[in-house]
Amino acid sequence: MLEIKDLTYEVEDNGKKLTIIDRLNLTVGDGKFVVITGPNGGGKSSLAKLIMGVNPITSGKIILDGEDITDKNITERAKRGISFAFQAPVHFKGIKVVDLLRLAAGEKISVATACEYLSKVGLCAKDYVNREVNSSLSGGELKRIEIATVLARGTKFSIFDEPEAGIDLWSFQNLIKVFENIRESINGTILVISHQERILNIADEIVVIEDGHVKSQGSKEEILPEILGTSSARKIACEKLGGTING
Amino acid sequence: MDEIQRQLIAEVADLHEMPEGAYNIRTDGELAARNTTSNIDIVTKEDKSGIDIRIKPGTKRESVHIPVVLSKSGIKETVYNDFYIGDDSDVTIVAGCGIHNCGTQDSEHDGVHRFFVGKNAKVRYVEKHYGEGDGQGKRILNPVTEVYQEEGSYVNMEMVQIKGVDSTVRTTKAELASNATLIVHERLMTHGSQKATSVYNVELNGENSSTDVISRSVAKDDSEQIFEAAIVGNTLCSGHAECDAIIMGNAHVVAIPRLDANNVDAALIHEAAIGKIAGDQLIKLMTLGLTEEEAEEQIIAGFLR
C-alpha cells in the first residue's frame, strides 16, 4: 500500500513561490490499477515524480508498505519496488535496447527473455533488441521500450506517466492493448497518469487531481460519469459534434 | 616475456597466447617474437628502427598482430612500420602499445605507421593504447598514421585509448583515390591530468571516394582533449566527421572542425557536440535501481563502446 500524507511541493518561478501540490492525501491499495487524471497543470506528473523521488518534496510523507520512504533517494525507492515509465523517454548513445532491459531486470536476462518484453509492448523484437536507444528510434518506439523496461523490472508498484503522450493513433491502439493486458505482465499495483478515456475505462479506481489537490477518488463507475460531465469534457464533446450540445 | 609484458599484450591486442597468422611482438625496444606466413612477410628495416609488412595480393582472411610493450621505465623509441597491402586482399591488422611504468623516468613510444593499400583491398586496423604503473614517470604515446588508398579500397580503423596514457598526440593523414572508403572510429577516455590530441587530415582525391571520421570521448578530472578533423574534398566525394564528447570534473575539451571543398560536387559534413552526462539519463538508470555512480559507469561504457 502506498500512502501519501499532507504532501506539498513548491517551486520557485522568477522569484515567485508556486505551489504545485498542496497538502495532498492519497492512498493506493495493493494490486489496484489506478488512473490519475485531471486538467493539465493540475500536478499529476509532479505527483508521480515525487513518488519516485525524482523531485524533492517540500513537506509531507510518502509511506510504502508501512515504511516511510520520504527521505529515500531514487535508487533506494527503485530497490524497494517502485518503477517509473517517463513521459518523455531518454536517449542513450551506445546503450542497446537489450542492455537497458538487462539493467531493468537487474540480471543478464537472455535475448529471448528481452524479446518477450518487447513483444508484450507490440514491438517486433528481433528488429529492436540490438538497436541503440538513440534518436534513430521514433517517439512511439522509444515510448514502448520505456514501458518494456518497467515490465522487465516487474516491481510491486509501477508508475506510467502519460503513456499515450507523443504516440500516433495507430500505435495508440496497440498501447491500449498493452495496458489491457498489463495485469498479466505485472503482478503489482499500477498507477497510470492519463487523459485517455480508454485507459480510464480499464481502471479499478480513478483519482482526479486539480490545483494540487485530490478533487475526487473512487471507482471507475463513480468517477467516469463525473469527469465526462465536466464543462471541459462537454466542450470537447461539443467540438466533436459540431456544437449541437448546449452546456 | 614476463608476466607484466604478457598482461600488457592482453590489454592492447586481446592476445593471451601466441596469435595465429603473422605477428611481430616488440618488448622494451627489442624483437621478442615473429612469425610470417606464405602470404604475409615481415622484414626488419635496415636504415631505421621498424619493420616492413608485405601482404601478397589476393590474401584473404589473414591477420597480422604487431603489439609493442614497454615495461621498463625511461625507454624512448620511435618505430617506423610500413604496411604494403596487395590488391584484392582482405586482412585484419592489430597494432597496439602498452606501457607499464613504475619508475621515475618517462617512457615513450612513437609509432609511425604507413599503409599503402592496393586496389580493391579491404583492411581492418585496430590500434589500442594502454598505460599502467604507479611511478612518477610519464607514459607517452605519439602515433603517426599515414594511409594511402588506391582505387576501390576500403579501410576501417578503430583507434582506442581508454586509460593510463599521460600524453598523446595522434596524427592521422589519409589520401584516397576513386571509390576508396576510409572509416575511422576513435574512442578515448582521459583522466587525471592527461592530455590527448587527435589530428585527422583526410584528402578525398578520387571520384566517389568517401570518409567517415567518428570520435567518441570522455574527459574526466583535469584532463584535456583536442580533436581536430579536417576533410578536404577535391572532387565528387562525400565526407563526414563527428566529434561527440562527454566532459566531467574540471576537464577541457576542444573540437576543431575543418571542411575544405575544392569541387562543387564535394559533400562534406561536420558534427560536434560536447556536454556533461545528461541528468535525465542518470535519473532513468537510477529508477532501474542503479546508484548514481553505477549509472554514470553504464552511460560512459555505452558511449565508448
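Anyway, here's the lowdown on the structure attached to this text. (Residues numbered from 1 in each chain as written. Chains lettered and ligands numbered in written order. Predicted model: local features only at pLDDT ≥ 70, side-chain atom pairs only at ≥ 80, totals over all residues.)

## Some thoughts on the overall build of chain A
Phase 1: Helix and strand counts for chain A come out as eleven helices and ten strands.
Phase 2: For 247 residues, the compact-globule estimate of 2.2 N^0.38 gives 18 Å, and chain A sits close to it at 19 Å.
Phase 3: Taking all 247 residues of chain A together, the buried fraction comes to 40%.
Phase 4: Contacts in chain A between residues far apart in sequence, at least 24 positions, make up 65% of those at least 6 positions apart. (Helix = DSSP H or I, 4+ residues; strand = E, 2+ residues; numbered from the N terminus. Rg over C-alpha atoms; globule rule 2.2 N^0.38 Å. Buried ≥ 20, exposed ≤ 12 C-beta atoms within 10 Å, placed from the backbone. Contact = placed C-beta atoms within 7 Å.)

## As for the overall build of chain B
Phase 1: Check the secondary structure of chain B and you find three helices and 20 strands.
Phase 2: At 20 Å, chain B has a C-alpha radius of gyration in line with the 19 Å of a compact globule built from 305 residues.
Phase 3: If you line up chain B on its principal axes, its C-alpha atoms span 55 × 55 × 35 Å.
Phase 4: Counting all 305 residues of chain B, 43% fall into the buried class.

## Overview of unusual backbone geometry
All names here are of chain B.
Phase 1: A positive phi is found at Arg61, a non-glycine position, where the angle reads about 50°.
Phase 2: Structurally, Arg61 is set in strand E5 (residues 60-70).
Phase 3: Under the C-beta neighbour-count criterion, Arg61 is labelled exposed, with 9 such atoms within 10 Å.
Phase 4: The residue Asn179 is not glycine, and still its phi comes out positive at about 60°.
Phase 5: You can see Asn179 is positioned in the loop between strand E13 (167-176) and strand E14 (181-190).
Phase 6: Overall, Asn179 belongs to the partly exposed group, with 18 C-beta atoms counted inside 10 Å.

## Focus on the sheet that holds strand E18 (residues 237-247) of chain B
All names here are of chain B.
Phase 1: Pairing within the open sheet is mixed, and its ten strands lie in the order E2-E1-E5-E7-E9-E12-E14-E16-E18-E20. The open sheet has two edge strands with one neighbour each: strand E2 (30-35) and strand E20 (266-275). On average, each strand axis in the sheet is tilted by 5° relative to the strand beside it, whichever way the strands run.
Phase 2: Bridge count between strand E1 (residues 22-27) and E5: four bridges; the pairing is parallel. When the sheet's bridge partners are listed, Arg26 is paired in E5 with Val68.
Phase 3: Across the sheet, helix H1 (residues 3-13) touches E1, E5, strand E7 (90-100) and strand E9 (122-132), and the angle it forms with E7 is around 135°. (Pairing = 2+ DSSP bridges. Axes fitted to C-alpha atoms, helices over the stretch in contact; angles between N-to-C directions.)

## Some remarks on the interface of chain B and chain A
Phase 1: Taken together, the 16 residues of chain B in the interface contact 20 residues of chain A.
Phase 2: Elements that contribute at least two residues to the side of chain B that touches chain A include exactly helix H2 (279-287) and helix H3 (292-303) of chain B.
Phase 3: The element contributing the most residues to the side of chain B that touches chain A is H2 of chain B, with seven residues.
Phase 4: For the side of chain B that touches chain A, the class distribution of residues is seven nonpolar, six polar and three charged. (Nonpolar A, V, L, I, M, F, W, Y, C, P; charged D, E, K, R; others polar.)

## Description of the pairing of strand E1 (residues 2-13) of chain A
All names here are of chain A.
Phase 1: Judged from the nine bridges that link them, E1 and strand E2 (residues 16-28) form a sheet pairing that is antiparallel. For Leu2, the partnering residue across the bridge sits in E2 and is Val28.
Phase 2: Once E1 ends, the chain turns through two residues before running back antiparallel as E2, passing Asn14 with a positive phi of about 50°.

## Observations concerning the nonpolar core
Phase 1: Counting residues in hydrophobic clusters, the biggest one holds 139 residues, and the most contacted among them are Leu101, Ala148 and Ile159 of chain A together with Val123 of chain B.
Phase 2: Leaving out residues up to four positions away in the same chain, Ile159 of chain A has contacts with Ala48, Ile51, Met52, Ile82, Ser83, Phe84, Ala85 and Leu191 of chain A. (Core = buried A, V, L, I, M, F, W, Y, C linked by C-beta atoms within 7 Å.)

## Here's the deal with the environment of Ile4 of chain B
Residue and element names in this part refer to chain B.
Phase 1: In this fold, Ile4 is placed in helix H1.
Phase 2: By C-beta crowding, Ile4 is classed as partly exposed, having 17 other C-beta atoms within 10 Å.
Phase 3: Sequence separation of Ile4 and Arg61 is 57 residues, and the distance between their C-alpha atoms is 31 Å.
Phase 4: Those residues in contact with Ile4 that sit more than four places away from it in its chain are Ser71 and His100.

## A closer look at H2 of chain B
Phase 1: For H2 of chain B, the complete set of buried residues consists of Gln281, Leu282, Lys284, Leu285, Met286 and Thr287 of chain B.
Phase 2: Of the surrounding secondary structure, the elements contacted by the buried residues of H2 of chain B are helix H1 (44-52), helix H2 (74-79), strand E6 (82-85) and helix H3 (97-105) of chain A together with H3 of chain B.
Phase 3: One or two residues past the end of H2 of chain B sits Gly289 of chain B, with phi positive at roughly 105°.

## As for the packing of H3 of chain A against helix H6 (residues 139-153) of chain A
All names here are of chain A.
Phase 1: At their nearest, the axes of H3 and H6 sit 7 Å apart, and the two run at 35° to each other. When the axes of H3 and H6 are compared, the crossing they make is right-handed. Here Val97, Leu100, Leu101, Ala104 and Ala105 of H3 come into contact with H6, specifically with Ile145, Ala148, Thr149, Ala152 and Arg153. (Left-handed = near helix turned anticlockwise from the far one by under 90°.)

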